[in-house]
Every structure is written in structure tokens, then in C-alpha cells.
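What follows is each chain in one-letter form.
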Amino acid sequence: IHTFNLKDINICDKLIDIFNDKKNDRFKHAGTIATAVNHKPHIGKEVKDSMDLMISATNQQNPIINLYLNELGVGLSEYYEKFGGYMADVEIKRDWNIQYYKPGGGFYKWHSEKSSPEKDDISLVFMTYLNDVPKGGTEFLYQKVELEAKKGLSVIWPAEFTHVHKGVISMTHEKYIATGWLSTTHLKREE
């Protein structure tokens, strides 16, 4: 798990503004999950209760999203430097989300990102907390790590079963995050 802080914390507020902009309501949907049984995304509020705004992987027009992705790139470079060796070149190939969790909402169940064969190209996961949520972050099972949701705190981790995680649910605070996946383009070797 690699954590870093956004240098421009104002990006968080601006991403929340994008989520809350009424013009984007048509792109919002209830959060979905994929089960091991059918691998098809469906709404399962007993597992995940959120509202998600899908951001196109090819969105290059919005300057706020570009600022966020640039900062994410800095964190990714730090991740490569930290872990070195054989690393996969990655890029955002899949649409990603700005997610809203009302008080009591969250991703309740342990899960990893590779829940179906269609996700085999996913190598890494990224997430940024967009607001402070006391006692409402993310818990990683095998690493025995619990992150507190602090505005601007960003995380990159492997998408594999080794990094099973779930939300830490706040019953009193709403939570906003930006999250998505980095997919393999090809392998490279760091010298």
C-alpha cells in the first residue's frame, strides 16, 4: 500500500463540486457490485451503498480532472520508486468514479478488485479521500492497516486478493472518494 497526499488540496473540493453539479446527475447511478457467481454488475445495497458518478477514462476536457490525474501520476511514480523491480506500465483504461456515501453507507464486505475474468488487466487500484471522515476510512485485512479518511490522502495498492479491503463505516458523516483502476499496458523492467 502506498499513501501520499495531494499537493493541491483544493482539487478535492472541486471534484466534490463536479459530483454535486446537477448537470452531471444523468451520469450518476447507485453503486454496483459484481458477485463471484455471475460476474455481472448489479445493485447490492447489503454489500455496497453508494451513489457513483462515472468519469470517462478518455475525459481530457475537464481541467480539474486533469489536475487530479496529474497528481495521481506523481503518486504512481512514487509507488514505482518505492517497489522497483519488474513493474507493469499502467494507464487508466476503464471509467472511474467519484463516489458519495451517506452516513451509514459504505462498502460493507471484504473484497478485492479482481472479482471477474473481465478485470484481469487491472493491476492497481487508486483512491483519494475528498473530505475528512472521522472513524470512516478503509481497512485492509491482511496488511492489518486501517486508513482514516483525511481530505487529500491518496492510496495506490495491488488489485489482487492479497489486498482485500472494506470501508470503515461512519454513522454520522458523509464520505466522498475518487476511485478507479490502473490497467496493464505492458511489462517493463526498472534497472
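Going by the structure above, here's the rest.
The rules we used
Residues numbered from 1 in each chain as written. Predicted model: local features only at pLDDT ≥ 70, side-chain atom pairs only at ≥ 80, totals over all residues. Heavy atoms only, no water. Core = buried A, V, L, I, M, F, W, Y, C linked by side-chain atoms within 4.5 Å. Buried < 20%, exposed > 50% of the residue type's maximum accessible area, 1.4 Å probe, protein only. Helix = DSSP H or I, 4+ residues; strand = E, 2+ residues; numbered from the N terminus. Contact = heavy atoms within 4.5 Å. Pairing = 2+ DSSP bridges. Arc of directions from axis to C-beta.

Topic: the nonpolar core
Inside soluble globular proteins, nonpolar side chains tend to come together where they are buried.
Here comes step 1: Counting residues in hydrophobic clusters, the biggest one holds 27 residues, and the most contacted among them are Leu15, Tyr68, Trp96, Ile98 and Leu130.
Here comes step 2: Secondary structure elements with two or more residues in this core: α1 (10-20), β6 (51-55), α2 (63-83), β8 (96-101), β10 (122-129) and β15 (175-189).
Here comes step 3: With near-sequence residues (within four places) excluded, Leu130 lies in contact with Cys12, Leu15, Ile16, Ile98, Lys151, Tyr176, Ile177 and Ala178.
Here comes step 4: Core analysis: the next-biggest nonpolar cluster, separate from the first, contains 15 residues, Phe140, Val155, Trp157 and Ile177 among them.

A word on the pairing of strand β13 (residues 153-158)
Here comes step 1: Counting buried positions along β13 gives 6 out of 6 residues, so the element sits mostly inside the fold.
Here comes step 2: Of the two faces of β13, both are covered, the one formed by Leu153, Val155 and Trp157 as well as the one formed by Ser154, Ile156 and Pro158.
Here comes step 3: Strand direction decides the pairing type here: strand β1 (residues 2-5) and β13, joined by 4 bridges, are antiparallel. From the neighbouring strand, His2 faces β13, where its bridge partner is Ile156.
Here comes step 4: Pairing of β10 with β13 involves 5 bridges; the strand directions are antiparallel.

What about α1?
Here comes step 1: Turning to α1, its buried residues number three or more, namely Ile11, Cys12, Leu15, Ile16, Ile18 and Phe19. All buried residues of α1 fall inside an arc of 155° around its axis, so they share one side.

Some thoughts on unusual backbone geometry
Here comes step 1: For Lys135, which is not a glycine, the phi torsion comes out positive at approximately 55°.
Here comes step 2: Positionally, Lys135 belongs in strand β11 (residues 133-140).
Here comes step 3: Overall, Lys135 belongs to the exposed group, its relative accessible area being 71%.
Here comes step 4: In this structure, Lys144 is a non-glycine residue whose phi angle is positive, near 55°.
Here comes step 5: For Lys144, a relative accessible area of 75% corresponds to the exposed category.

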